[in-house]
Amino acid sequence: MKKVTLLSPLADRIRQYVLTCQNDQGLNFKIDRSVLYAFDNFCVNNGIVDMLSEDAFFKYCDSGDVLLAQKGKRYRILFRFYEYCRVFDPSLKPLRRQLFFGKYTRHVAYIYTSEEIDRLMSYKAWQNENRWITIRWRCMIGTLFATGLRISELLGLNLCDVHRDECVLYIAPSKYRKERYVPVDKSVIEAIDKYLKVRPTVDTPKLFVSRHGLGLSFGTFNQMFNRVIRELGIGVGSMTKPRVHDLRHTFAVNRVVEWNRQGVDVGRMLPVLATYL
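Residues numbered from 1 in each chain as written. Predicted model: local features only at pLDDT ≥ 70, side-chain atom pairs only at ≥ 80, totals over all residues. Heavy atoms only, no water.

1. Brief notes about the confidence of the model for the protein
- Per-residue pLDDT for the protein averages 88, and the proportion of residues at 70 or more is 92%.
- The least confident element of the protein, judged by mean pLDDT, is helix 11 (residues 266-276) at 81; the most confident is strand 1 (residues 162-163) at 96. (pLDDT = per-residue confidence, 0-100. Helix = DSSP H or I, 4+ residues; strand = E, 2+ residues; numbered from the N terminus.)

2. So, the side chain of T240
- On the secondary structure map, T240 appears in the loop between helix 9 (218-232) and helix 10 (246-262).
- At 2.6 Å, the side chain of T240 and the backbone oxygen of V108 are in polar contact.
- When neighbours within four sequence positions are excluded, T240 is seen to be in contact with H107, V108, A109 and Y110. (Polar contact = N/O pair within 3.5 Å; in protein donor to acceptor, adjacent residues only side chain to side chain. Contact = heavy atoms within 4.5 Å.)

3. With respect to the packing of helix 2 (residues 30-45) against helix 3 (residues 54-61)
- At a minimum axis distance of 10 Å, the contact between helix 2 and helix 3 shows a crossing angle of 105°. As judged from the angle between their axes, helix 2 and helix 3 are roughly perpendicular. Note on element contacts: helix 3 touches helix 2 through A56, F57, K59 and Y60, opposite V35, A38, F39 and F42.
- Of the residues in the contact of helix 2 with helix 3, the class split is 7 nonpolar, no polar and 1 charged. (Axes fitted to C-alpha atoms, helices over the stretch in contact; angles between N-to-C directions. Parallel < 35°, antiparallel > 145°, perpendicular 65-115°, else oblique. Nonpolar A, V, L, I, M, F, W, Y, C, P; charged D, E, K, R; others polar.)

4. Some thoughts on helix 10
- Over its 17 residues, helix 10 runs 24 Å from end to end, which matches the ideal 24 Å to within 8%, given 1.5 Å per residue.
- Among all positions of helix 10, only D246, L247, R248, T250, F251, A252 and W259 are buried.
- On its buried face, helix 10 is in contact with helix 5 (114-121), helix 6 (131-147), helix 7 (151-155), strand 3 (180-183), helix 9 and helix 11. (Expected span 1.5 Å × (residues − 1). Buried < 20%, exposed > 50% of the residue type's maximum accessible area, 1.4 Å probe, protein only.)

See below:
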């Protein structure tokens, strides 16, 4: 996936806003940045001149096959940026705080079966391409399933975050700005070592890299994941769509089920599970 660049007349203002907010909010501002950059490109590609308008905001927020809640989230991000712009341009009139109304419905997690995990792990769509991509795929899916990491945490891993002797992964501050050390099974370390043997030699500390020698992005991996899900027919007939984040839910559910099967006091073990989640 190509890196998104700013193209509109508002580019400098967006950069300034993003830089200011990132200094204050750090990792928590990544989604806002992504939306603002996408809005910038959307306006350029669709010939929208008056970008700082309710009409432009609505057209962008309503674009694509997204849920009502996502449209509302887009608008809130753009509204905050608009208020920032009003500080520099008092002539801008106030906008409505909300354009998209509806009840928010939380996504119901899809719990993968063991058979579905096996099919994901053994997927061979890349057998005629670079072999290392297939090994990277298996390593990433296996690690997500075995540890319950967020995909952002997995993609954020650096080479130095893998502690082989201790069988531990260091997770840098992410959601809620919490850092932690996650113990992993020896098989996870072995899978990572197998991947490292074929990983391209590139100038980046990131563990998982793209074909272009950069850290693998969420967009690239998620697009790949959704394609595999469709081709394998996983989730067909289900009331909920399988997502990569649902590997995290599957990990948690499997752990609790296993503790119940073993007769373990689940309440007492929840702090242990929290180390992973």
